[in-house]
Amino acid sequence: MRPSLLPAVAALTLLTGAAAAGSLDDRIGRAMFERLWVTAPASTQATDGLGPLYTARSCATCHPASGGLPGGRGRPPTPGDAEDRGVGFVLRLNEDPVYGRQFHTLATPGIPAEGRVTVAWKDEKVAYPDGSSAVLSRPDYGTADLGYGALAGGTSLSARLAPAVRGLGLLERVAEADILALEDPDDRDGDGVSGRANRVGGAVGRFGWKAAHPTLTRQNAEAFSLDIGLSTPLFPDHWGDCTPAQVACREAKHGDSPQFEGVEIPTTILALLDGFLRRLPPAGGDAPDDPEGAVLFAATGCAACHRPSFPAGGEAVAAFTDLLLHDMGDGLADAVPAAEASGREWRTAPLWALAAGRAADATGTNGNLALLHDGRARSVEEAILWHGGEADGARGRFMELPLSDRQRLVRYVLSR
Ligand code: HEC
Ligand code: HEC
């Protein structure tokens, strides 16, 4: 730890107070997660380097504490409220030549922001075979108040909600061989579910909605660069996501410092943040047994992707994921790939700690569920009805169930 970082860390540790239990390293890691970064140059180099383009000033802004625990899920914009930007809600781009990889709604003084995200919702009725129905809200994302002219013709948008960042240390411990053993890219067993691992630089990807990052360190370093505009040894550009066309942004003052390995966030700080997240437990895990729910979950075909048990470094974790990518059909598809994942493929989302109340992991800051990669599903039922592609069979079997079994299945999912 650099001496010049200590006063700021001490102050933040005081602010986070008694809730920041655990070792000193974890308290510092948590302070880094919650720190609001500022524009360079600041009186202390240890907190500057924000932006120039950014989407939020801290990790915790997008992954806010919930249920008394740090690292919860964000919240999508509220339908019908044009002013509401949500929390931890971002637009990824497929490498726009001017706007880059992410659409930044904020910028440091003197630098134009990229604009504002718009969402229009269209309600669609889904009819069950038993005559009952549900309403899905289909989002249509756009941009407005563009700071650098029109987006390029070929640029596509992909809305992403910040997931909870708990229990990730367990997912990191899963052996690559155990993930690869579940791959069935050509659906040889003929169950309609294929699934393949994402691969990044020779490693198996496992973090993010598209499993585009093999390690927590890489995921966190990219968050510093892409979301906050801070450089690390892994992503050393101090301008973050500014492209050469964004001249003022590229030339703005920055916080790279020789005492921090020539970047804004040195290895030591990144490692403390990684360690803090690695040890942050999943919020669930104490769900009562529900054998009938488990049977229904398996018989409906949910368990083909949401594996109830997975080996992770000698222990079995009930993360309800296979860490594989699945084609989820047109309804959830967009045109922004990540590493080897296409726009149609998403990583099976872990279902641990969806329990309402206990684990606000799945609950947006307004108390509603906000499920799927962009938070569009307001309930487990809606999330299932959005499943298509390889999950089409499971969705169909769910819809055929009598109402009481549908409710029982949803209760099971919510109590994991
Ligand atoms: C502007 C909002 C925003 C900020 C700031 C932000 N994140 Fe995230 N984070 C997201 C979104 C959105 C995703 C999902 C991205 C994806 O998969 O495409 C995500 C994903 C993650 C994941 C992967 C979780 C999983 O289930 O695999 C981790 C870990 C993470 N963020 C850590 C961090 C850290 C550490 C910071 C601060 C350095 C940070 N984030 C800052 C929005 C944000
Ligand atoms: C073919 C694989 C597959 C099957 C089968 C499947 N899922 Fe999923 N599930 C996924 C993927 C992939 C996602 C993430 C999709 C996205 O975010 O767009 C997901 C997301 C979810 C989510 C949202 C989780 C979150 O954190 O936002 C819930 C809830 C869910 N599934 C429940 C179920 C249930 C219940 C069943 C059985 C009826 C089921 N799934 C069957 C692959 C599958």
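Above this note sits the structure.
Residues numbered from 1 in each chain as written. Chains lettered and ligands numbered in written order. Predicted model: local features only at pLDDT ≥ 70, side-chain atom pairs only at ≥ 80, totals over all residues. Heavy atoms only, no water.

(A) View of the site of ligand 1. As a matter of local geometry, ligand 1 sits amid 27 residues, with Cys59, Cys62, His63, Arg160 and Gly208 nearest to it. Here His63 contributes a side-chain N or O atom positioned 2.9 Å from a nitrogen atom of ligand 1. Arg160 places a side-chain nitrogen or oxygen 2.4 Å from an oxygen atom of ligand 1. Among the elements that take part in the shell around ligand 1, helix α6 (residues 216–228) stands out by supplying seven residues, more than any other. Residue classes in the shell around ligand 1 are distributed as 17 nonpolar, six polar and four charged. (Near = heavy atom within 4 Å. Polar contact = N/O pair within 3.5 Å; in protein donor to acceptor, adjacent residues only side chain to side chain. Helix = DSSP H or I, 4+ residues; strand = E, 2+ residues; numbered from the N terminus. Nonpolar A, V, L, I, M, F, W, Y, C, P; charged D, E, K, R; others polar.)

(B) A look at the nonpolar core. Counting residues in each nonpolar core, the largest one holds 38 residues, and the members touching the most others are Phe33, Trp37, Ile179 and Phe224. No other element matches the six residues that helix α8 (residues 267–278) contributes to this core. Setting aside residues no more than four positions away along its own chain, Trp37 makes contact with Met32, Ala46, Thr47, Asp48, Leu50, Arg57, Ser58, Phe224, Ile228, Leu230 and Ile265. Ranked by size, the runner-up nonpolar core spans 31 residues in total, among them Leu136, Phe297, Met328 and Val380. (Core = buried A, V, L, I, M, F, W, Y, C linked by side-chain atoms within 4.5 Å. Buried < 20%, exposed > 50% of the residue type's maximum accessible area, 1.4 Å probe, protein only. Contact = heavy atoms within 4.5 Å.)

(C) Examining the coordination of the iron atom of ligand 1 more closely. No protein donor other than His63 (NE2) coordinates the iron atom of ligand 1, and that contact is at 2.1 Å. As for its placement among the helices and strands, His63 is situated in the loop between α3 (59–62) and β2 (89–96). (Donors = N, O, S within 2.8 Å, 3.2 Å for Na, K, Ca; no water.)

(D) Spotlight on unusual backbone geometry. Each neighbour pair has its own omega, and for Ala40 with Pro41 the value is -10 degrees, a cis peptide bond. Residue position: Pro41 is located in the loop between α2 (24–34) and β1 (53–54). Looking along the chain, the bond that leaves Gly51 and enters Pro52 is cis, with omega of 5 degrees. Position of Pro52 among the secondary structure elements: in the loop between α2 and β1. A positive phi angle is found at Asp187, which is not glycine, with a value near 50 degrees. Despite not being glycine, Leu323 has its phi angle at roughly 60 degrees, a positive value. Checked against the element boundaries, Leu323 lands in the loop between β11 (315–317) and β12 (325–327).

(E) Just the sheet that holds strand β3 (residues 100–103), in detail. The strand order β3-β2-β7 describes an open sheet built from three strands, whose pairing is antiparallel. Pairing within the sheet leaves two strands with one partner each, and these edge strands are β3 and β7 (157–161). The mean angle between the axes of side-by-side strands here comes to 30 degrees, regardless of whether they run parallel or antiparallel. Bridge count for β2 against β7 is five bridges, and the pairing is antiparallel. Counterpart to Arg92 in the pairing with β7 is Ser158. (Pairing = 2+ DSSP bridges. Axes fitted to C-alpha atoms, helices over the stretch in contact; angles between N-to-C directions.)

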